[in-house]
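As a plain string of letters, each chain reads:
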Number of protein chains: 2
Amino acid sequence: MNKPVKQQQNQKQGKKPRTAITPTREEDFAEWYQQVVKATDMAETSPTRGCMIIKPYGWAIWEKCQEVFDKWLKDYGVQNASFPLLIPMSFFSREAEHVDGFAKECAVVTHHRLESDGKGGLQPAENAKLEEPYVVRPTSETIIGDAMSRWVQSYRDLPLQLNQWAQVMRWEMRTRLFLRTAEFFWHEGHNAFEDHEGADNDCRHVMGLYEKFFTEYLAFDGFVGVKTPEETFPGANKTYAFEAMMQDGKALQAATTHDLGTTFAKTFNITYQGRDEKEHLCHTTSWAFSTRTIGGLIMMHADDDGMIMPPRIAPQQIIILPVTKDDNAQAVEEFCEKIADDLKAKGFRVKLDNRDMRTPDKMWDAVKKGVPIRVEVGGREMEAGQLTYVRRDIGRDSKTTLKVDEFTNQAESILDDIHDTMLERTRKFRDDNTHDVANVADIEAFYKAGKIGFVRADVSILEDSALEKVMGEYALTARNMPNADNGEKVLIAKAY
Amino acid sequence: MNKPVKQQQNQKQGKKPRTAITPTREEDFAEWYQQVVKATDMAETSPTRGCMIIKPYGWAIWEKCQEVFDKWLKDYGVQNASFPLLIPMSFFSREAEHVDGFAKECAVVTHHRLESDGKGGLQPAENAKLEEPYVVRPTSETIIGDAMSRWVQSYRDLPLQLNQWAQVMRWEMRTRLFLRTAEFFWHEGHNAFEDHEGADNDCRHVMGLYEKFFTEYLAFDGFVGVKTPEETFPGANKTYAFEAMMQDGKALQAATTHDLGTTFAKTFNITYQGRDEKEHLCHTTSWAFSTRTIGGLIMMHADDDGMIMPPRIAPQQIIILPVTKDDNAQAVEEFCEKIADDLKAKGFRVKLDNRDMRTPDKMWDAVKKGVPIRVEVGGREMEAGQLTYVRRDIGRDSKTTLKVDEFTNQAESILDDIHDTMLERTRKFRDDNTHDVANVADIEAFYKAGKIGFVRADVSILEDSALEKVMGEYALTARNMPNADNGEKVLIAKAY
């Protein structure tokens, strides 16, 4: 794990480390995670069981993700649309594997009216019971498949590439903010092609976009690979997944693309008249990434002082703190405002923190929220036309004083360097904690010793009858079979 | 009503008019509306009762609305967030007026699991019945009010300005695409202020943004005014509304802002410690506009040949049709591609329609979809470095041939002129069809004669006991009391 800012400082001075987040990652990773979410003010639990409120600082990250990725999807030819939130229950009966897979734990709408319960409260009205219940969508293959069957007539209508940015709902029993909530947000792409080649190319292409987005914007890398049959999306022929490694060594599935073959085309009658004038089944795909990724961002990048926000999706890239005395407050604030305006004019996302609070409190707020660059300006800096900045990813060791112009000219390259450093860190962590193993005994020994990370084995290990017991004992799952190894290796890990 | 393109042409030639949409507005306005939605491919009904599928061409309009208006809200200081889709039923019991107003007809979630019904189908599982049902939000005053009570402590936390882009659900018995559907999309702003002045200023400011947005982007005007007490939002002190006039003379409420006073602050305990160190109730507001507005766009701008899309939110501003022969197809298409690329580089939303279809079919498709400028290029134009364009708002009479460079340089001003012409048309229609009346007898006479439009009377007419009967007979409602008249006048009309 990256050492937190304070720990680095204090260790130099031989003191016992103190951190902004309690407990630390080493003390209690799960509780540390919750405390980081709280300290960053990204989200909180709500009165609705299992559902979260995503607060402005958290939602801004998701908006930024949408902005970037949506453009890429449109450039690729995808069109956005909107399909109903509620799906008729009978649609789920039609694809048995699909409903067994995950559609059963869901929110079921059974009535369409409330009435007084005669005791000052309300109750669902008996005479407003629906003939057929509806399910709040856990995913939309069924209702979009039904629409595709109407929209696709001829090969000229293909490929049909659709996407929606929406929430879905899965009734989770144990929930954790961002990582596992009943309601979460995602984009879901649903596409129809003439043949297997079109569908498979689509799955690979979009997985490439995810990989590009995660590395270039979210500053993390992972493993791209094909899911084992047991872990394949219910109803799919093949699932490609991006598996990222959290700082506790567990895997987080950050995005998936599914080659659905003709499964949903058969169920929902998605056919087209081909160039040969005969009727054919479409090959369909679906793919998604979700607000779970924000949980992953935290578990990959944050340290014991709070979040470290990847610069390209950070809601605030630069925060400016005026450090004022009674006799120079106005002048320093105006000086800071000018710096902020100049940076904004250059396209940076800047916040001037002129709240009526103590400077150390503002400083720690910026640290906990993970703002990539913190600028401090006091009277002395102002008089010299200078500012002092600190990089969140490095901490006090990066403290630098520059002329204001020098800083505004260098800001982009500093942010780029922060991005590169963060990405490199996650890559190193991933590689340092991915261990090649030869057999099931090696796997058992690895996790028995309390080690963290992924183990990588030949795929033939999946056929070893001893594997299941060890996987069960250590709560392991096969994550994917990385492309880089032509599918001959399989990654096994604990997972979120 | 504006005469449709074909009608203008044919009348000149003395023929019986033929139109791209059947029936015409005069023949059957309601059915004409449905046929325009169908012809433009903006939306369709879904297997979910009362819910629509918004297709790519319709969703693109909503995305454009979001893009523009979201930026304005952020500039004003509003922060986006996301609150749960499902609201505990008991929250609605807490604000009696609110629940009586509209929260009873809603989708009620009562179970969290499906199980096999033993007959190949599914049913809600009895052992997964929720202790407290949830309601799919019909609006979010309650759940956001509850959050505000936690988030607001001191006057330093005010104003708190929140917004979410979301869908809401109200179980409508009679639905029409965009205008009245069970699920619809909107943005909902929820805000807390120290005092009445702050809340009222907010309501007026945001109503000003709506007015600006409708006139500057959607090319329509209406009447801004205060709702009568009967028409005020349930739980609000005061509602400001923007009422637009459709081509059949009916009103469509296009946006509202609500001064909620301390009603929700009392119910949800939204209090703050003031500058006087005493505890005070917040004054809250809420405001919204929704995808209903897209229905309004159609009913205000479309004609008997289909939609006329306001240029600034048109998904496609310019469509280019190559008119090819066997011997020049490739050259003409390349020439058109270059024009399209040049226009795209200048920031226009351009579509090159090179589908394998007959040119007249493409032409009529562009007319029905209401693309503001249609460009046609054949071999002769190509050889002369020219193109021919037609404005959708005027039709064939606007047919002009220009050098390609001249067109690309003028495109922006042509689009602006289309916008201005459309806006002026809706203003003229509104003014021509707003009639001042002196008493209830005048109102009765007006609607009895089958006239269309709004009537405007002194507000004192609301106290005339004869009014109610006439309003009931002609399905009239008081729309609002326009600000321009200092609230001394009231507008009465049929409404959507």
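Residues numbered from 1 in each chain as written. Chains lettered and ligands numbered in written order. Predicted model: local features only at pLDDT ≥ 70, side-chain atom pairs only at ≥ 80, totals over all residues. Heavy atoms only, no water.

Q: What is the right way to read the sheet that holds strand 17 (residues 318-322) of chain B from this model?
A: Two pairing modes exist for strands in a sheet, parallel and antiparallel, and in both the strands are linked by backbone hydrogen bonds. All names here are of chain B. Read from one edge to the other, the open sheet built from five strands follows the order 18-17-19-20-21, with strand pairing classed as mixed. Since the sheet does not close on itself, it has two edges, and those belong to strand 18 (350-352) and strand 21 (395-403), each with one partner. Taken pair by pair, the neighbouring strands of this sheet meet at an average axis angle of 25 degrees, ignoring direction. By the bridge criterion, five bridges tie strand 17 to strand 19 (residues 373-377) in an arrangement that is parallel. The residue bridging Ile-318 from the neighbouring strand is Ile-373, located in strand 19. (Pairing = 2+ DSSP bridges. Helix = DSSP H or I, 4+ residues; strand = E, 2+ residues; numbered from the N terminus. Axes fitted to C-alpha atoms, helices over the stretch in contact; angles between N-to-C directions.)

Q: Could you clarify how one ought to interpret the relation of the copies chain B and chain A in this entry?
A: Both copies of the chain are related through a single rotation about an axis accompanied by a shift along the same axis. Once turned by 180 degrees and shifted 0.0 Å along the axis, chain B lies on chain A with an RMSD of 0.0 Å. This pairing of chains is accounted for by a two-fold axis. Judged by C-alpha distance, Val-109 of chain B is the residue of chain B that lies nearest the rotation axis, at 2.1 Å. Looking at the interface residues of chain B, 100% of them are also at the interface in chain A, so both copies use one shared face. (Least-squares fit on C-alpha atoms with pLDDT ≥ 70 in both. Contact = heavy atoms within 4.5 Å.)

Q: Could you clarify how one ought to interpret a negative patch on the surface in this entry?
A: On the surface, Glu-26, Glu-27, Asp-28 and Glu-31 of chain A cluster together to form a negatively charged patch. Among the structural elements, Asp-28 of chain A can be located in the loop between helix 1 (5-12) and helix 2 (29-40). (Patch = residues over 30% accessible without salt bridge, like charges linked within 9 Å, V, L, I, M, F, W, Y side chains within 5 Å. Areas by Shrake-Rupley, 256 points an atom, 1.4 Å probe, with all protein chains shown as cover. Salt bridge = Lys/Arg side-chain N within 4 Å of Asp/Glu carboxyl O. Lys, Arg positive; Asp, Glu negative; His and termini not counted. Charge placed at Lys NZ, Arg CZ, Asp CG, Glu CD.)

Q: Looking at this structure, I do not really get the domain arrangement of chain A. What am I missing?
A: Interface size, as often reported, equals the accessible area lost upon joining of the parts. For chain A, the assigned domains read domain 1 (43-301), domain 2 (318-418) and domain 3 (434-494). One C-alpha centre belongs to domain 1 of chain A, the other to domain 2 of chain A, and the line joining them spans 41 Å. (Domains from an automatic or database assignment.)

Q: Would you explain the interface of chain B and chain A in this entry?
A: Each partner contributes residues to the interface: chain B has 67 residues there, and chain A has 67 residues. Taken over both partners, the interface formed by chain B and chain A buries close to 5200 Å², and the fraction arising from carbon and sulfur atoms is 62%. Of all residues in chain B, Ser-82, Leu-114 and Leu-122 of chain B bury the most surface against chain A, accounting for 12% of the area lost on that side. At the junction of chain B with chain A, the criterion picks out eight salt bridges. Between Glu-44 of chain A and Arg-150 of chain B there is a salt bridge, with its nearest N and O atoms 2.8 Å apart. When its residues are assigned to classes, the side of chain B that touches chain A shows 39 nonpolar, 14 polar and 14 charged. The pairing of strand 5 (residues 108-111) of chain A with strand 5 (residues 108-111) of chain B spans three bridges and is classified as antiparallel. Among the inter-strand pairings, Val-109 of chain A is bridged to a residue of strand 5 of chain B, identified as Val-109 of chain B. (Buried area = accessible area lost by both parts, 1.4 Å probe. Nonpolar A, V, L, I, M, F, W, Y, C, P; charged D, E, K, R; others polar.)

Q: Which parts of the structure should I look at to understand the packing of helix 10 (residues 329-345) of chain A against helix 13 (residues 404-432) of chain A?
A: The relative placement of two packed helices comes down to the angle between their axes together with the axis-to-axis distance. All names here are of chain A. Where helix 10 contacts helix 13, the two axes come as close as 10 Å, and the packing angle between them is 30 degrees. Here helix 13 runs roughly parallel to helix 10, going by the angle between their axes. Taken as a pair, helix 10 and helix 13 cross one another with a handedness that is right-handed. Contacts from Phe-335, Ile-339 and Leu-343 in helix 10 reach Val-404, Phe-407, Thr-408 and Ala-411 in helix 13. Per-class residue counts for the contact of helix 10 with helix 13 are six nonpolar, one polar and no charged. (Parallel < 35°, antiparallel > 145°, perpendicular 65-115°, else oblique. Left-handed = near helix turned anticlockwise from the far one by under 90°.)

Q: It is not clear to me how the side chain of Arg-137 of chain B should be interpreted in this structure. Could you clarify?
A: When you line up the elements, Arg-137 of chain B lands in the loop between strand 8 (129-136) and helix 6 (141-151). Of the buried charged residues, Arg-137 of chain B lacks a salt bridge, with Glu-188 of chain B as the closest side chain of opposite charge at 4.3 Å. At a separation of 3.0 Å, a polar atom in the side chain of Arg-137 of chain B contacts the main-chain carbonyl oxygen of Phe-83 of chain B. Excluding residues within four positions of it along the chain, Arg-137 of chain B makes contact with Gln-167 of chain A together with Phe-83, Pro-84, Leu-85, Ile-87, Gln-164, Ala-166, Gln-167, Val-168, Met-169 and Glu-188 of chain B. (Buried < 20%, exposed > 50% of the residue type's maximum accessible area, 1.4 Å probe, protein only. Polar contact = N/O pair within 3.5 Å; in protein donor to acceptor, adjacent residues only side chain to side chain.)

Q: What am I meant to see in the environment of Pro-310 of chain B here?
A: Residue and element names in this part refer to chain B. Position of Pro-310 relative to the elements: it lies in the loop between helix 9 (292-301) and strand 17. For Pro-310, a relative accessible area of 0% gives the class buried. The sequence separation of Pro-310 and Met-382 amounts to 72 residues, and the corresponding C-alpha distance is 29 Å. In this structure, Pro-310 is in contact with Tyr-217, Leu-218, Ala-219, Leu-297, His-301 and Met-422, ignoring residues within four places of it in sequence.

Q: How should I be thinking about the sheet that holds strand 3 (residues 79-80) of chain A in this particular structure?
A: Residues and elements named next belong to chain A. In space, the 11 strands of this open sheet follow the order 3-9-10-16-13-12-11-24-25-23-22, with mixed pairing throughout. Of all strands in the sheet, those bounded by a partner on one side alone are strand 3 and strand 22 (434-436). As defined by bridge partners, strand 22 adjoins strand 23 (residues 454-458) across three bridges and the pair is classed as parallel. Bridged to Asp-436 within strand 23 is Arg-456.

Q: Just checking my understanding: could you explain the pairing of strand 8 (residues 129-136) of chain A for this structure?
A: Regular strands place their side chains on alternate faces of the sheet. All names here are of chain A. Of the pairings in the sheet, the one linking strand 4 (residues 86-88) to strand 8 comprises three bridges and is antiparallel in character. Note that in strand 8 the partner of Ile-87 across the bridge is Val-135. Across three bridges, strand 5 lies against strand 8 in antiparallel orientation. Paired with Val-109 across the two strands is Tyr-134, which belongs to strand 8.

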